[in-house]
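# Descriptive analysis of the structure
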Amino acid sequence: EKVTAEGKREGELFDRFMCYCKTGTGDLSASISASQARIEQSSTNLEAATSNKAQLEQDLQGHKSDRADAKDALDKATALREKEAGIYAKESGDYQ
């Protein structure tokens, strides 16, 4: 009786296992296909992000250069205005 019960239980487990094998393969194949599509999409997104980052870094370098040039021009203009203000003050003092 005990052996028969164990045999019946093993038969049920075997049937469940076989059912899983038949349906699980399709589920796994679908899961693998979906994962591969996500990998391709992620790769594409990564390439786009890398390209965008490179472009932004190049833009940043250009803006830093432009900022340095503008700062230099501002310093030169300020120095020129100070020099002209000094000359004006000296000349206007001479006329008074």
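The structure reproduced in this document is the subject of the present report.

Here is what the cut-offs are and how they apply
- Residues numbered from 1 in each chain as written.
- Predicted model: local features only at pLDDT ≥ 70, side-chain atom pairs only at ≥ 80, totals over all residues.
- Heavy atoms only, no water.
- Helix = DSSP H or I, 4+ residues; strand = E, 2+ residues; numbered from the N terminus.
- Rg over C-alpha atoms; globule rule 2.2 N^0.38 Å.
- Buried < 20%, exposed > 50% of the residue type's maximum accessible area, 1.4 Å probe, protein only.
- Areas by Shrake-Rupley, 256 points an atom, 1.4 Å probe, with all protein chains shown as cover.
- Lys, Arg positive; Asp, Glu negative; His and termini not counted.
- Charge placed at Lys NZ, Arg CZ, Asp CG, Glu CD.
- Patch = residues over 30% accessible without salt bridge, like charges linked within 9 Å, V, L, I, M, F, W, Y side chains within 5 Å.
- Salt bridge = Lys/Arg side-chain N within 4 Å of Asp/Glu carboxyl O.

## Some words on the overall build of the chain
Counting secondary structure elements, the chain contains 1 helix and 0 strands. For a compact globule of 96 residues, the expected C-alpha radius of gyration is about 12 Å, and the chain comes in at 40 Å, more than 25% above that figure. Based on the C-alpha atoms only, the size of the chain along its principal axes is roughly 130 × 25 × 10 Å. Out of the 96 residues in the chain, the part that is buried amounts to 1%. Put simply, the chain shows about 8900 Å² of open surface, and 57% of that area lies on carbon and sulfur atoms. Averaging the coordinates of the 14 positive side-chain charges in the chain and doing the same for the 18 negative ones gives two points 4 Å apart.

## A short note on a nonpolar patch on the surface
Side chains of F14, F17 and M18 sit close together on the surface and give an oily, nonpolar patch of about 310 Å² of accessible area. Relative to the elements of secondary structure, M18 occurs in helix α1 (residues 2–95). On the basis of relative accessible area, M18 is assigned to the partly exposed category, the value being 31%.

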